[in-house]
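Structure assessment
One letter stands for each residue in the lines below.
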Amino acid sequence: MKFFIDTANLAQIREANEMGVLDGVTTNPSLMAKENIRGEEACRRHYVEICNIVDGDVSAEVIATDFEGMVREGEELAALHPRIVVKLPCTAEGIRAVKYFSQKGIRTNCTLVFSPGQALLAAKAGATYVSPFVGRLDDICADGVELVRRIVEIYRYYGYATQVLAASIRHTQHIVACLDAGADVATCPLSAIKGLLRHPLTDSGLAAFLADHAKVNA
Ligand code: G3P
């Protein structure tokens, strides 16, 4: 399973990248706003900065909601760097834009996916990635991980090449559950990635090794 970090924060992207396990980055307009990045030019520069840190796919989301606007914006984003993936919402216009970009060989991430039917349309339109939102389904007492599992099963059964990118991951257990569900990618906050390392037996085992070493090397 590939690991993406879900943030526009450069320090966090660098930290995750330095761990040596980062395969890419996803952003969205809320994450860009959280970093206080204002205006089109600043956004474009920020995407390029992210691409210069990570040797992997970087999802950059369009703001337009109409087909022509999505095409214009997506083409500009794709031209910024070869690793940019154009992120488009799973709406009728968005699906049309996914199809347009897939025919032009521009990679896409179809986002805000909450049902197998939406995932089917994204795959049929030729999306590179589909992003089911795990945490937001859990928020309304639905089962986000179960949606990931169903999409994986449907894509495998029908042979769709679209990769399932589990998004809206909130914590470490979500990552492990999406791994079990067969997700191709999980995009996670840094805290959830670091949480994978935490185990009391690792900490106590290391402390005992170091103490034993110190006893004979005093
Ligand atoms: O990858 C999508 C993600 O950024 C949404 O996460 O926590 O706002 O549901 P969240």
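Shown above is the structure to which this text applies.
These remarks concern the structure in this document. Bear in mind the structure is a predicted one, so any value in this text is a computation, not a measurement.

This next bit is on the overall build of the protein chain. A tally of regular secondary structure across the protein chain gives 11 helices and eight strands. Taken across its 218 residues, the protein chain has 49% of its residues classed as buried. The contacts in the protein chain between residues at least 6 apart in sequence include a share of 57% that link residues at least 24 apart. Surface exposure of the protein chain reaches about 11,000 Å², of which carbon and sulfur atoms provide 54%. The centroid of the 22 positive side-chain charges in the protein chain is displaced by 1 Å from the centroid of its 26 negative side-chain charges.

Right, let's get into the packing of aromatic side chains. Summed over the entire model, instances satisfying the criterion amount to six aromatic pairs. Ring geometry for Tyr-157 and Tyr-158: centres 4.9 Å apart, planes at 75 degrees, overall edge-to-face. Summarising the burial analysis for this pair, Tyr-157 and Tyr-158 share the class exposed. Grouping aromatic residues by their ring pairs yields a cluster made of Phe-67, Tyr-100 and Phe-101. Its guanidinium or amino end placed over the ring of Phe-67, Arg-96 lies 3.7 Å from that ring's centre, counting from NZ or CZ.

Next up on the list: the pattern of salt bridges. In this structure the tally under the stated criterion is 11 salt bridges. Between Arg-44 and Glu-76 there is a salt bridge; the shortest N-O distance is 2.8 Å. With Arg-44 in helix α3 (residues 40-53) and Glu-76 in helix α4 (residues 67-80), the pair connects residues that are 32 residues apart, well separated along the chain. Classification of Glu-76 as partly exposed rests on a relative accessible area of 36%. Through salt bridges that share partners, Glu-40, Arg-44 and Glu-76 make up one connected network.

Glancing now at unusual backbone geometry. Despite not being glycine, Cys-141 shows a phi value in the positive range, around 65 degrees. You can see Cys-141 is positioned in the loop between α7 (134-139) and α8 (144-158). Residue Cys-141 is classed as exposed on the basis of its relative accessible area, which comes to 76%. Here the phi dihedral of Ser-168 falls at roughly 55 degrees; this positive angle occurs in a residue that is not glycine. Among the structural elements, Ser-168 can be located in the loop between β7 (163-166) and α9 (172-180).

About the thresholds
- Residues numbered from 1 in each chain as written.
- Predicted model: local features only at pLDDT ≥ 70, side-chain atom pairs only at ≥ 80, totals over all residues.
- Heavy atoms only, no water.
- Helix = DSSP H or I, 4+ residues; strand = E, 2+ residues; numbered from the N terminus.
- Buried < 20%, exposed > 50% of the residue type's maximum accessible area, 1.4 Å probe, protein only.
- Contact = heavy atoms within 4.5 Å.
- Areas by Shrake-Rupley, 256 points an atom, 1.4 Å probe, with all protein chains shown as cover.
- Lys, Arg positive; Asp, Glu negative; His and termini not counted.
- Charge placed at Lys NZ, Arg CZ, Asp CG, Glu CD.
- Phe/Tyr/Trp six-rings, centres within 6.5 Å; stacked < 30°, edge-to-face > 60°.
- Lys NZ or Arg CZ within 6 Å of the ring centre and 35° of its normal.
- Salt bridge = Lys/Arg side-chain N within 4 Å of Asp/Glu carboxyl O.

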